[in-house]
Amino acid sequence: MVECDSFAHVTQVASSRACAVPSPPYNAHSASRSADYSAGGSADHGATAANPFESAGDSAITYVDSRPSYASAALEWALHSVSAGARVADIGAGTGRLTDALVRRGYDVWALEPAADMRSEFLRYLPNFPATRLLGTTAEATGLGDHLFDALTYGESWHWLDASLAAREAARLLRPGGILVLVYNQLAVEHPWVHRLTRIMRSGDVQRPDRPPALGDLFSTPEFFAVDWADRVTPEQIIELGTTRASWIRATPALRTRMRGNLVHYLYTELGMQVGESLALPYHTYVWRAQPAADSIARLYR
């Protein structure tokens, strides 16, 4: 998928809405008038639930092809102080989208992904990545040594973690002056047709600009940055995107059939999309950046 840079807008003000993403060439207001085609519920579960990607199966394959990369402006802001050649760990690396971006920026990258299905697709997507640097350990217990990394990145993974344990492990892994980066791509639900889409896919907001992720007292107050942009996709790709969500992975075969049917009905009947039609699917990329508190090392070992 291709990021539509011409639509990009950046902001450091929470809940700003300054991106003029083109509306689809059909009546988006039909979304608000349609029946509720959702299969129940609207958001992925948080860190108190088991991570469904531990058994992603075929969804891991679709994940590689359907999930977009992160807006380059967001990564530039997050990592502008991290020089090329610095050692970076991508934690909860999934199929390697963020890892790939880090490698392209010239970093010395390690990747951690506990789910075997996701690691398999990671190596298919990044066949030249050193397999010895792709570890199957968790964010809460990496098994790595103290103060090894200049930066740690978490691409759409922090909400699956035990935040307290993960923050403690992150503070231990980072070198003095290192940074922790949390990045999320989220569909821009202020557009009515996208809001209805997320309800049908049962894919709600994971993070909100006015509710920063909990990092505890071992880190500074997170700084926030956002980029509004759009991904150029077809209706068929949106349908496949739905199969990469936690709600789909957890669903029974019967519920999956219902979810797919609802999505097909919404896209082609309610919105009048055509097979193969190209459209702009609007996203926000949200980024939080923090550094270990001055006394974090002392508090880790007392």
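Note: the structure precedes this text.
Trainee: Sorry if this is basic, but what is going on with the packing of helix α7 (residues 192–201) against helix α10 (residues 253–270) here?
Mentor: When two helices pack together, their arrangement is given by the angle between the helix axes and by the axis-to-axis distance. One way to put it is that α7 packs onto α10 with a least axis distance of 9 Å and a crossing angle of 165 degrees. Classified by the interaxial angle, the pair formed by α7 and α10 is roughly antiparallel. α7 and α10 meet at a crossing whose hand is right-handed. Here α7 contributes W193, R196, L197, I200 and M201 to the contact with α10, which in turn contributes M259, N262, L263, Y266 and L267. Split by residue class, the contact of α7 with α10 holds eight nonpolar, one polar and one charged.

Trainee: Help me out: how do you make sense of the pairing of strand β4 (residues 108–112) in this one?
Mentor: Within a regular strand, side chains alternate between the sheet's two faces. Bridge analysis of strand β3 (residues 87–91) against β4 gives five bridges, and the strand direction is parallel. When the bridges of β4 are listed, D90 appears paired with A111. The handedness of the β3 to β4 crossover, carried by helix α4 (residues 97–104), is right-handed. Both β4 and strand β5 (residues 134–135) contribute to a ladder of two bridges, which runs parallel. Across the sheet, L112 pairs through a bridge with L135, a residue of β5.

Parameters at a glance
- Residues numbered from 1 in each chain as written.
- Predicted model: local features only at pLDDT ≥ 70, side-chain atom pairs only at ≥ 80, totals over all residues.
- Heavy atoms only, no water.
- Axes fitted to C-alpha atoms, helices over the stretch in contact; angles between N-to-C directions.
- Helix = DSSP H or I, 4+ residues; strand = E, 2+ residues; numbered from the N terminus.
- Parallel < 35°, antiparallel > 145°, perpendicular 65-115°, else oblique.
- Left-handed = near helix turned anticlockwise from the far one by under 90°.
- Contact = heavy atoms within 4.5 Å.
- Nonpolar A, V, L, I, M, F, W, Y, C, P; charged D, E, K, R; others polar.
- Pairing = 2+ DSSP bridges.
- Right-handed = clockwise from strand over helix to strand, strands pointing away.

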